[in-house]
Amino acid sequence: PVVKEIFGLANLEEKISTAYGLCKVVVVPGDSETSPLTKKELGRAGAKALLSVMSGNDVVAVTGGTTLAEVAEHLTPPNVSLKQSWFVPARGGLGESLEIQANTIASGMAKRVGAGYRLLHVPDLLGKEAYESLVHDPNIHDIVEMIRGARIVIHGIGDAMEMARRRKLEDSVVEELQNQGALAESYGYYFDNNGVVVHKMLTLGLRLEDIMRTDHVVGIAGGKSKAKAIHAVLKFGQEDVLVTDEAAAEEIVREL
Ligand code: BG6
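Since the model is a prediction, treat every value here as computed from it, not as a measurement.

Asker: How do you make sense of the site of the ligand when you look at a structure like this?
Answerer: Residues in close proximity to the ligand total 16 residues, the closest being Thr 66, Thr 67, Gly 158, Glu 185 and Lys 226. Here an oxygen atom of the ligand sits 2.5 Å away from a polar atom, N or O, in the side chain of Glu 185. The protein chains hide 96% of the 390 Å² of surface that the ligand would expose on its own. Of all elements in the fold, only helix H4 (66–73), helix H8 (160–166) and strand S7 (184–186) reach the threshold of two or more residues within the shell around the ligand. Residues that form the shell around the ligand fall into these classes: 3 nonpolar, 8 polar and 5 charged.

Shown next as C-alpha coordinates:
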(Lines give C-alpha, C1' and ligand atoms only; values in the text may rest on other atoms or scores of the structure.)
Protein backbone atom coordinates (compact mmCIF):
# COMPACT_ATOMS: atom_id res chain seq x y z
CA PRO A 1 0.00 0.00 0.00
CA VAL A 2 2.85 2.43 0.78
CA VAL A 3 4.29 1.87 -2.69
CA LYS A 4 0.86 2.44 -4.20
CA GLU A 5 0.56 5.79 -2.45
CA ILE A 6 3.93 6.90 -3.72
CA PHE A 7 2.94 6.12 -7.26
CA GLY A 8 -0.48 7.62 -6.80
CA LEU A 9 -1.96 4.39 -8.05
CA ALA A 10 -4.45 4.09 -5.22
CA ASN A 11 -5.83 7.42 -6.31
CA LEU A 12 -6.31 6.17 -9.87
CA GLU A 13 -7.97 3.00 -8.59
CA GLU A 14 -10.37 5.02 -6.49
CA LYS A 15 -11.31 7.40 -9.30
CA ILE A 16 -11.98 4.62 -11.78
CA SER A 17 -14.00 2.46 -9.42
CA THR A 18 -16.16 5.43 -8.43
CA ALA A 19 -16.66 6.65 -11.99
CA TYR A 20 -17.79 3.28 -13.31
CA GLY A 21 -19.26 1.74 -10.17
CA LEU A 22 -16.81 -1.16 -9.93
CA CYS A 23 -16.28 -3.36 -6.87
CA LYS A 24 -12.54 -3.39 -7.28
CA VAL A 25 -9.88 -1.78 -9.46
CA VAL A 26 -6.22 -2.74 -9.40
CA VAL A 27 -3.65 -0.56 -11.16
CA VAL A 28 -0.10 -1.82 -11.58
CA PRO A 29 2.73 0.67 -12.24
CA GLY A 30 4.00 1.21 -15.80
CA ASP A 31 2.79 0.59 -19.34
CA SER A 32 2.30 -3.05 -20.30
CA GLU A 33 2.33 -2.16 -23.98
CA THR A 34 5.96 -1.09 -23.89
CA SER A 35 7.23 -3.03 -20.90
CA PRO A 36 7.13 -6.84 -20.77
CA LEU A 37 7.76 -6.57 -17.04
CA THR A 38 4.64 -4.50 -16.54
CA LYS A 39 2.69 -7.02 -18.61
CA LYS A 40 3.88 -9.71 -16.21
CA GLU A 41 2.79 -7.61 -13.25
CA LEU A 42 -0.58 -7.19 -14.89
CA GLY A 43 -0.78 -10.97 -15.20
CA ARG A 44 0.24 -11.44 -11.58
CA ALA A 45 -2.38 -8.94 -10.37
CA GLY A 46 -4.97 -10.58 -12.62
CA ALA A 47 -4.20 -13.99 -11.16
CA LYS A 48 -4.62 -12.63 -7.65
CA ALA A 49 -7.90 -10.95 -8.53
CA LEU A 50 -9.22 -14.16 -10.03
CA LEU A 51 -8.34 -16.27 -7.01
CA SER A 52 -9.93 -13.73 -4.71
CA VAL A 53 -13.35 -14.26 -6.29
CA MET A 54 -13.15 -18.07 -6.52
CA SER A 55 -14.94 -20.04 -3.87
CA GLY A 56 -13.92 -23.62 -4.60
CA ASN A 57 -16.93 -24.71 -6.56
CA ASP A 58 -17.01 -22.49 -9.62
CA VAL A 59 -17.18 -22.57 -13.35
CA VAL A 60 -14.79 -19.95 -14.71
CA ALA A 61 -15.10 -18.90 -18.35
CA VAL A 62 -11.90 -17.43 -19.78
CA THR A 63 -11.14 -15.62 -23.02
CA GLY A 64 -7.94 -15.83 -25.01
CA GLY A 65 -5.33 -13.17 -25.65
CA THR A 66 -1.79 -12.35 -24.61
CA THR A 67 -2.93 -10.71 -21.36
CA LEU A 68 -4.91 -13.73 -20.21
CA ALA A 69 -1.98 -15.94 -21.16
CA GLU A 70 0.08 -13.87 -18.72
CA VAL A 71 -2.58 -14.32 -16.03
CA ALA A 72 -2.41 -18.10 -16.50
CA GLU A 73 1.39 -18.00 -16.13
CA HIS A 74 1.08 -16.37 -12.73
CA LEU A 75 -1.55 -18.55 -11.14
CA THR A 76 -0.32 -20.52 -8.17
CA PRO A 77 -2.17 -23.20 -6.20
CA PRO A 78 -4.38 -21.46 -3.63
CA ASN A 79 -4.90 -22.49 -0.01
CA VAL A 80 -8.41 -23.74 -0.64
CA SER A 81 -8.87 -26.74 -2.88
CA LEU A 82 -10.22 -25.93 -6.32
CA LYS A 83 -10.74 -29.58 -7.25
CA GLN A 84 -14.45 -28.95 -7.60
CA SER A 85 -13.95 -25.99 -9.90
CA TRP A 86 -13.88 -25.97 -13.68
CA PHE A 87 -12.21 -23.76 -16.24
CA VAL A 88 -13.81 -23.47 -19.65
CA PRO A 89 -13.11 -21.28 -22.67
CA ALA A 90 -15.62 -18.44 -22.94
CA ARG A 91 -15.98 -19.10 -26.64
CA GLY A 92 -14.92 -21.33 -29.46
CA GLY A 93 -11.20 -21.66 -29.31
CA LEU A 94 -9.84 -21.80 -32.79
CA GLY A 95 -9.01 -18.68 -34.78
CA GLU A 96 -5.98 -17.30 -32.96
CA SER A 97 -2.55 -18.80 -32.53
CA LEU A 98 -2.51 -21.78 -30.20
CA GLU A 99 -0.67 -20.15 -27.28
CA ILE A 100 -3.27 -17.45 -26.81
CA GLN A 101 -6.43 -19.41 -27.59
CA ALA A 102 -9.04 -19.58 -24.88
CA ASN A 103 -8.83 -23.40 -24.78
CA THR A 104 -5.09 -23.32 -24.10
CA ILE A 105 -5.48 -20.70 -21.40
CA ALA A 106 -8.40 -22.47 -19.70
CA SER A 107 -6.53 -25.77 -19.50
CA GLY A 108 -3.32 -24.04 -18.39
CA MET A 109 -5.12 -22.22 -15.60
CA ALA A 110 -6.89 -25.37 -14.43
CA LYS A 111 -3.65 -27.34 -14.25
CA ARG A 112 -1.92 -24.64 -12.28
CA VAL A 113 -4.56 -24.46 -9.58
CA GLY A 114 -5.60 -28.11 -9.52
CA ALA A 115 -9.04 -27.57 -11.03
CA GLY A 116 -10.76 -29.41 -13.87
CA TYR A 117 -11.29 -28.15 -17.41
CA ARG A 118 -13.46 -28.79 -20.41
CA LEU A 119 -12.64 -27.54 -23.87
CA LEU A 120 -14.64 -26.37 -26.84
CA HIS A 121 -13.07 -27.49 -30.08
CA VAL A 122 -14.93 -25.40 -32.59
CA PRO A 123 -13.95 -22.28 -34.53
CA ASP A 124 -14.59 -18.97 -32.88
CA LEU A 125 -16.41 -17.54 -35.84
CA LEU A 126 -19.21 -19.70 -37.24
CA GLY A 127 -21.53 -19.45 -40.21
CA LYS A 128 -25.25 -19.76 -39.49
CA GLU A 129 -25.53 -23.33 -40.76
CA ALA A 130 -22.51 -24.58 -38.85
CA TYR A 131 -23.80 -22.89 -35.70
CA GLU A 132 -27.22 -24.51 -36.00
CA SER A 133 -25.85 -28.01 -36.45
CA LEU A 134 -23.17 -27.69 -33.75
CA VAL A 135 -25.41 -26.20 -31.11
CA HIS A 136 -27.62 -29.27 -31.31
CA ASP A 137 -24.79 -31.77 -31.12
CA PRO A 138 -25.16 -33.50 -27.72
CA ASN A 139 -21.45 -33.34 -26.80
CA ILE A 140 -21.11 -29.73 -27.71
CA HIS A 141 -24.43 -28.90 -26.09
CA ASP A 142 -23.13 -29.99 -22.67
CA ILE A 143 -20.02 -27.86 -22.71
CA VAL A 144 -21.88 -24.89 -24.16
CA GLU A 145 -24.39 -25.12 -21.31
CA MET A 146 -21.53 -25.20 -18.84
CA ILE A 147 -19.94 -22.11 -20.38
CA ARG A 148 -23.20 -20.21 -20.46
CA GLY A 149 -23.82 -21.01 -16.80
CA ALA A 150 -20.36 -19.83 -15.63
CA ARG A 151 -20.27 -18.02 -12.28
CA ILE A 152 -17.09 -16.11 -13.10
CA VAL A 153 -15.90 -14.61 -16.37
CA ILE A 154 -12.33 -13.44 -16.78
CA HIS A 155 -11.55 -11.67 -20.02
CA GLY A 156 -9.19 -9.46 -21.95
CA ILE A 157 -10.17 -6.25 -23.71
CA GLY A 158 -8.87 -5.31 -27.12
CA ASP A 159 -8.90 -2.30 -29.41
CA ALA A 160 -11.73 -2.92 -31.90
CA MET A 161 -9.72 -2.39 -35.06
CA GLU A 162 -6.77 -4.39 -33.86
CA MET A 163 -8.99 -7.31 -32.89
CA ALA A 164 -10.85 -7.10 -36.21
CA ARG A 165 -7.50 -7.45 -37.94
CA ARG A 166 -6.36 -10.24 -35.63
CA ARG A 167 -9.60 -12.09 -36.28
CA LYS A 168 -9.23 -11.48 -40.02
CA LEU A 169 -12.71 -10.02 -40.40
CA GLU A 170 -13.74 -9.17 -43.95
CA ASP A 171 -13.00 -5.66 -45.20
CA SER A 172 -16.68 -4.84 -45.41
CA VAL A 173 -17.19 -5.78 -41.74
CA VAL A 174 -14.17 -3.73 -40.67
CA GLU A 175 -15.55 -0.74 -42.56
CA GLU A 176 -18.93 -1.20 -40.90
CA LEU A 177 -17.30 -1.36 -37.48
CA GLN A 178 -15.47 1.85 -38.23
CA ASN A 179 -18.68 3.58 -39.29
CA GLN A 180 -20.41 2.39 -36.15
CA GLY A 181 -17.65 3.84 -34.02
CA ALA A 182 -16.52 0.51 -32.56
CA LEU A 183 -13.75 1.10 -30.03
CA ALA A 184 -13.51 -2.09 -28.04
CA GLU A 185 -13.74 -5.80 -28.52
CA SER A 186 -14.30 -8.26 -25.77
CA TYR A 187 -15.63 -11.83 -25.74
CA GLY A 188 -16.60 -11.47 -29.40
CA TYR A 189 -18.64 -8.30 -28.98
CA TYR A 190 -17.74 -4.85 -30.27
CA PHE A 191 -18.61 -1.76 -28.21
CA ASP A 192 -18.75 1.95 -29.03
CA ASN A 193 -17.79 4.91 -26.83
CA ASN A 194 -21.08 4.67 -24.90
CA GLY A 195 -20.70 0.99 -24.21
CA VAL A 196 -23.34 0.08 -26.77
CA VAL A 197 -22.82 -3.24 -28.57
CA VAL A 198 -22.48 -2.40 -32.25
CA HIS A 199 -21.48 -5.80 -33.56
CA LYS A 200 -21.42 -9.40 -32.42
CA MET A 201 -19.94 -12.53 -33.81
CA LEU A 202 -22.11 -15.61 -34.10
CA THR A 203 -20.34 -17.98 -31.79
CA LEU A 204 -20.96 -20.88 -29.49
CA GLY A 205 -20.23 -19.95 -25.93
CA LEU A 206 -20.89 -16.91 -23.80
CA ARG A 207 -23.55 -14.46 -24.91
CA LEU A 208 -24.34 -11.06 -23.44
CA GLU A 209 -27.32 -12.44 -21.54
CA ASP A 210 -25.02 -14.98 -19.88
CA ILE A 211 -22.54 -12.29 -18.90
CA MET A 212 -25.34 -10.34 -17.27
CA ARG A 213 -26.17 -13.36 -15.11
CA THR A 214 -22.65 -14.13 -13.87
CA ASP A 215 -21.60 -13.24 -10.32
CA HIS A 216 -18.16 -11.88 -11.16
CA VAL A 217 -16.88 -10.32 -14.35
CA VAL A 218 -13.14 -9.64 -14.19
CA GLY A 219 -11.58 -7.60 -17.01
CA ILE A 220 -7.83 -7.41 -17.48
CA ALA A 221 -6.22 -5.02 -19.94
CA GLY A 222 -3.46 -2.44 -19.93
CA GLY A 223 -1.46 -0.17 -22.20
CA LYS A 224 -2.06 3.45 -23.10
CA SER A 225 -3.61 2.61 -26.46
CA LYS A 226 -6.26 0.42 -24.83
CA ALA A 227 -7.69 3.23 -22.68
CA LYS A 228 -10.57 3.99 -25.06
CA ALA A 229 -11.40 0.32 -25.39
CA ILE A 230 -11.39 -0.20 -21.63
CA HIS A 231 -13.62 2.84 -21.18
CA ALA A 232 -16.10 1.45 -23.75
CA VAL A 233 -16.34 -1.93 -22.01
CA LEU A 234 -16.71 -0.28 -18.59
CA LYS A 235 -19.54 1.85 -19.98
CA PHE A 236 -21.32 -1.35 -20.99
CA GLY A 237 -21.66 -1.78 -17.26
CA GLN A 238 -21.23 -5.47 -16.54
CA GLU A 239 -17.72 -5.30 -15.14
CA ASP A 240 -17.12 -5.97 -11.42
CA VAL A 241 -13.34 -6.02 -11.24
CA LEU A 242 -10.82 -4.23 -13.47
CA VAL A 243 -7.12 -4.97 -13.45
CA THR A 244 -5.15 -2.48 -15.51
CA ASP A 245 -1.90 -0.52 -15.62
CA GLU A 246 -0.88 3.03 -14.86
CA ALA A 247 -0.63 4.11 -18.51
CA ALA A 248 -4.20 3.04 -19.31
CA ALA A 249 -5.55 4.25 -15.97
CA GLU A 250 -4.10 7.75 -16.39
CA GLU A 251 -5.58 8.04 -19.84
CA ILE A 252 -8.99 6.82 -18.63
CA VAL A 253 -9.02 9.27 -15.72
CA ARG A 254 -8.00 12.14 -18.01
CA GLU A 255 -11.16 11.60 -20.04
CA LEU A 256 -13.50 11.44 -17.04
C1 BG6 B 1 -9.06 -12.07 -27.09
C2 BG6 B 1 -10.27 -12.00 -26.23
O3 BG6 B 1 -8.61 -13.35 -27.18
O4 BG6 B 1 -8.10 -11.21 -26.52
C5 BG6 B 1 -10.78 -10.62 -26.29
O6 BG6 B 1 -11.27 -12.89 -26.66
C7 BG6 B 1 -9.75 -9.55 -26.05
O8 BG6 B 1 -11.84 -10.50 -25.39
C9 BG6 B 1 -8.40 -9.86 -26.64
O10 BG6 B 1 -10.20 -8.37 -26.63
C11 BG6 B 1 -7.28 -9.05 -26.04
O12 BG6 B 1 -6.04 -9.60 -26.39
P13 BG6 B 1 -4.65 -9.14 -25.81
O14 BG6 B 1 -3.65 -9.99 -26.53
O15 BG6 B 1 -4.52 -7.70 -26.13
O16 BG6 B 1 -4.69 -9.41 -24.35
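Further notes follow.
Asker: What is the right way to look at the pattern of salt bridges in this model?
Answerer: A side chain of one charge can pair with a side chain of the opposite charge when the charged atoms of the two come close. Summed over all chains, the structure comprises 10 salt bridges. The residue Lys 40 makes a salt bridge to Glu 70 at a minimum N-O spacing of 3.8 Å. One end of the pair, Lys 40, is in helix H3 (residues 36–53); the other, Glu 70, is in helix H4, with 30 residues separating them in the sequence. Using a relative accessible area of 38% as the deciding quantity, one classes Lys 40 as partly exposed.

Asker: I would appreciate a short explanation of the sheet that holds strand S6 (residues 158–159) in the present structure.
Answerer: Read from one edge to the other, the open sheet built from 4 strands follows the order S6-S7-S8-S9, with strand pairing classed as antiparallel. At either end of the open sheet lies a strand with only one pairing partner, and these are S6 and strand S9 (197–200). Across 3 bridges, the pairing between strand S8 (residues 189–191) and S9 is antiparallel. For Tyr 189, the partnering residue across the bridge sits in S9 and is Lys 200.

Asker: I tried to follow the pairing of strand S5 (residues 152–156) on my own but got confused; where do I start?
Answerer: With 5 of its 5 residues buried, S5 lies for the most part within the structure. Side chains Ile 152, Ile 154 and Gly 156 project from S5 onto one buried face, and the interleaved Val 153 and His 155 project onto a second face that is buried too. Where strand S2 (residues 59–62) lies against S5, 3 bridges are found, and the strand directions are parallel. Across the sheet, the residue bridging to Val 62 is Ile 154, located in S5. In this sheet, strand S10 (residues 216–220) lies alongside S5 in parallel orientation, the contact comprising 5 bridges. In the strand pairing of S10, His 155 is matched with Gly 219.

Asker: Help me out: how do you make sense of helix H5 (residues 102–113) in this one?
Answerer: Given 3.6 residues per turn, any residue in an α-helix points the same way as the ones three and four places further on. Between the first and last C-alpha of H5 there are 17 Å, a value that for 12 residues agrees with the 16 Å anticipated at 1.5 Å per step. Restricting attention to buried positions, one finds in H5 the residues Ala 102, Asn 103, Ile 105, Ala 106, Ser 107, Met 109, Ala 110 and Val 113. Here the buried face of H5 lies against H3, S2, H4, strand S3 (86–89) and strand S4 (116–117). Following H5 by one or two positions, Gly 114 has its phi on the positive side, about 75°.

Cut-offs used in this document
- Residues numbered from 1 in each chain as written.
- Predicted model: local features only at pLDDT ≥ 70, side-chain atom pairs only at ≥ 80, totals over all residues.
- Heavy atoms only, no water.
- Near = heavy atom within 4 Å.
- Polar contact = N/O pair within 3.5 Å; in protein donor to acceptor, adjacent residues only side chain to side chain.
- Areas by Shrake-Rupley, 256 points an atom, 1.4 Å probe, with all protein chains shown as cover.
- Helix = DSSP H or I, 4+ residues; strand = E, 2+ residues; numbered from the N terminus.
- Nonpolar A, V, L, I, M, F, W, Y, C, P; charged D, E, K, R; others polar.
- Salt bridge = Lys/Arg side-chain N within 4 Å of Asp/Glu carboxyl O.
- Buried < 20%, exposed > 50% of the residue type's maximum accessible area, 1.4 Å probe, protein only.
- Pairing = 2+ DSSP bridges.
- Expected span 1.5 Å × (residues − 1).
- Contact = heavy atoms within 4.5 Å.

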